[in-house]
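Residues per chain are reported as follows:
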Amino acid sequence: MISASYEPENSGKTGALKVDIETGEVIEKKLSDYDKDFPWYFGHAVTALKEIANEDEVPEERLVAWY
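Because the structure is predicted, anything quoted here is derived from the model rather than measured.

### Describing the side chain of Asp35
Step number 1: For Asp35, the position within the fold is in the loop between strand S3 (26-30) and helix H1 (40-53).
Step number 2: Despite its burial, Asp35 remains without a salt bridge, the nearest opposite charge being carried by Lys30 at 9.0 Å.
Step number 3: Ignoring sequence-local partners within four residues, the contact set of Asp35 consists of Tyr6, Trp40, Tyr41 and Phe42.

### Some details on the sheet that holds S3
Step number 1: An order of S1-S2-S3 is seen for the three strands of this open sheet, with the pairing classed as antiparallel. What marks the edges here is a single partner per strand, and that holds for strand S1 (2-6) and S3. The average angle at which neighbouring strand axes cross in this sheet is 10 degrees, direction not considered.
Step number 2: Summarising the sheet, S1 and strand S2 (residues 15-19) pair through five bridges and their orientation is antiparallel. What sits directly across from Tyr6, in S2, is Gly15.
Step number 3: Most of the contacts of H1 go to S1, to which it runs at about 145 degrees, and overall it touches S1, S2 and S3.

The rules we used
- Residues numbered from 1 in each chain as written.
- Predicted model: local features only at pLDDT ≥ 70, side-chain atom pairs only at ≥ 80, totals over all residues.
- Heavy atoms only, no water.
- Helix = DSSP H or I, 4+ residues; strand = E, 2+ residues; numbered from the N terminus.
- Buried < 20%, exposed > 50% of the residue type's maximum accessible area, 1.4 Å probe, protein only.
- Lys, Arg positive; Asp, Glu negative; His and termini not counted.
- Salt bridge = Lys/Arg side-chain N within 4 Å of Asp/Glu carboxyl O.
- Contact = heavy atoms within 4.5 Å.
- Pairing = 2+ DSSP bridges.
- Axes fitted to C-alpha atoms, helices over the stretch in contact; angles between N-to-C directions.

The following block contains the structure:
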């Protein structure tokens, strides 16, 4: 399992997720209030976490940004 928190646009409104490394399935999620109506940022966080999970060495911490 791999987990992360995310904060859209430095809003102070964080969300969190956990992904099963073997299946890629999101097994736990807490949407940020910032994107609760349209989880655009959550989707980016899921994609980034799945990519990190496939790396040879998974880092303890990483900043991910998109535009």
